[in-house]
Amino acid sequence: MNPFNDYYFLGKIIRPHGFDGKVNAYLDTDDPGYYLDLDMVFLNMNNSPVPFFVEFINLKGNKATLKFQDIDNLLAAESLTQKEMYLPLKSLPPLSENKFYYHEIEGFSVVDNHHGKLGVVKGVLEYPSQAVIQVMVNEKEVLIPINEKIIRSVDKKSREITIETPEGLLDIYLA
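Residues numbered from 1 in each chain as written. Predicted model: local features only at pLDDT ≥ 70, side-chain atom pairs only at ≥ 80, totals over all residues. Heavy atoms only, no water.

Caption draft 1: Local environment of the pattern of salt bridges. Inspection of every chain in the model, using the stated rule, returns four salt bridges. Of the charged contacts, one joins Glu55 and Lys67 as a salt bridge, the two residues approaching to 3.8 Å between their closest N and O atoms. With Glu55 in strand β4 (residues 49–60) and Lys67 in strand β5 (residues 63–68), the pair connects residues that are twelve residues apart, well separated along the chain. Classification of Lys67 as buried rests on a relative accessible area of 12%. Residue Glu164 pairs with Arg152 through a salt bridge whose shortest N-O separation is 3.6 Å. Of the two residues, Glu164 sits in the loop between β12 (160–163) and α2 (169–174) while Arg152 sits in strand β11 (residues 151–155), which places them twelve residues apart along the sequence. (Salt bridge = Lys/Arg side-chain N within 4 Å of Asp/Glu carboxyl O. Helix = DSSP H or I, 4+ residues; strand = E, 2+ residues; numbered from the N terminus. Buried < 20%, exposed > 50% of the residue type's maximum accessible area, 1.4 Å probe, protein only.)

Structure follows, in structure tokens:
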């Protein structure tokens, strides 16, 4: 079992910042400002989530300078370099309308406006230029780009995603 199943990736500590225990980190998020009041993060220490209490955070875009409780010198800060930062899934900010977190749509039904029910979301694959929804249709894998023009609606209550695929996209997979 993955010890991080109930957590989401927040970012990564890049390097120490000065000599007093501060660190520079990259936050992998669309809204870094949401994390200005962060009081704790979990660092991946030997594949276990270990809590670190935040005394100070300063944001500049997606880059953050952090000061953790009991980390008060360069050597201690260096020991955190390249550590991944996580937060519990329950602390994710709420999303509006058709926005969703990738982990929450697994198992949703996918319905195309022209082709009807396609199948169930197996997962989301993240590629450098595009994230795609992985759907199994008649035992064949179909990759649907996550794009506002394609995804028409997401109904979280009925666990259904309505899409409108570009002409020919499904033919590539199902021919």
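Caption draft 2: Region of the structure containing a negative patch on the surface. Taken together, the side chains of Asp28, Asp30, Asp31 and Glu126 define an acidic patch exposed on the protein surface. Tracing the backbone through its elements, the reader meets Asp30 in the loop between β2 (22–27) and β3 (40–44). You can call Asp30 exposed: its relative accessible area is 85%. (Patch = residues over 30% accessible without salt bridge, like charges linked within 9 Å, V, L, I, M, F, W, Y side chains within 5 Å. Areas by Shrake-Rupley, 256 points an atom, 1.4 Å probe, with all protein chains shown as cover. Lys, Arg positive; Asp, Glu negative; His and termini not counted. Charge placed at Lys NZ, Arg CZ, Asp CG, Glu CD.)

Caption draft 3: Region of interest: unusual backbone geometry. Despite not being glycine, Asn47 shows a phi value in the positive range, around 65°. Residue position: Asn47 is located in the loop between β3 and β4. Positioned with a positive phi, Asp70 is a non-glycine residue whose angle comes to about 70°.

Caption draft 4: Fine view of the nonpolar core. Core analysis: the biggest nonpolar cluster contains 24 residues, and Leu10, Ile13, Leu38, Val41, Leu66, Phe68 and Met85 have the highest contact counts within it. Counting only elements with at least two residues in this core, the list comes to β1 (7–17), β2, β3, β4, β5, α1 (74–78) and β6 (84–88). Per-element tally for this core: the top contributor is β4, with four residues. Ignoring sequence-local partners within four residues, the contact set of Leu66 consists of Gly21, Lys22, Val23, Ala25, Val54, Phe56, Ile57 and Met85. The next biggest cluster of nonpolar side chains, apart from the first, holds 20 residues, and it includes Val142, Ile144, Ile150 and Ile161. (Core = buried A, V, L, I, M, F, W, Y, C linked by side-chain atoms within 4.5 Å. Contact = heavy atoms within 4.5 Å.)

Caption draft 5: Local environment of the pairing of β3. Among the five residues that make up β3, four are buried, leaving the element largely enclosed by the rest of the structure. Pairing of β3 with β4, which is carried by five bridges, proceeds in the antiparallel orientation. Note that in β4 the partner of Leu43 across the bridge is Val50. The hairpin formed by β3 and β4 contains four residues between the paired strands, and Asn46 there has a positive phi angle of roughly 55°. As paired strands, β3 and β6 are joined by two bridges and run antiparallel to one another. When the bridges of β6 are listed, Leu43 appears paired with Met85. (Pairing = 2+ DSSP bridges.)

Caption draft 6: Examining the sheet that holds strand β8 (residues 116–126) more closely. Read from one edge of the open sheet, six strands run β10-β9-β8-β7-β12-β11, paired in mixed fashion. Strands at the two margins of the open sheet, each flanked by one partner only, are β10 (140–145) and β11. Between one strand and the next, the sheet's axes are offset by a mean angle of 35°, whatever the strand orientation. (Axes fitted to C-alpha atoms, helices over the stretch in contact; angles between N-to-C directions.)

Caption draft 7: Spatial organisation of the environment of Tyr102. With respect to the secondary-structure elements, Tyr102 resides in the loop between β6 and β7 (109–112). Once the C-alpha coordinates of Tyr102 and Glu126 are considered, the two residues, 24 residues apart in sequence, prove to be 9.5 Å apart. Apart from residues lying up to four places away in sequence, Tyr102 is in contact with Val124, Glu126, Ala131 and Ile146.

Caption draft 8: Representation of the sheet that holds β2 within the structure. Spatial ordering of the closed barrel is given by β1-β2-β5-β4-β3-β6, a layout of six strands whose pairing is antiparallel. Each neighbouring strand pair of the sheet contributes to a mean axis angle of 45°, computed without reference to strand direction. Note that β4 and β5 share six bridges and pair antiparallel. In the strand pairing of β5, Phe56 is matched with Lys67.

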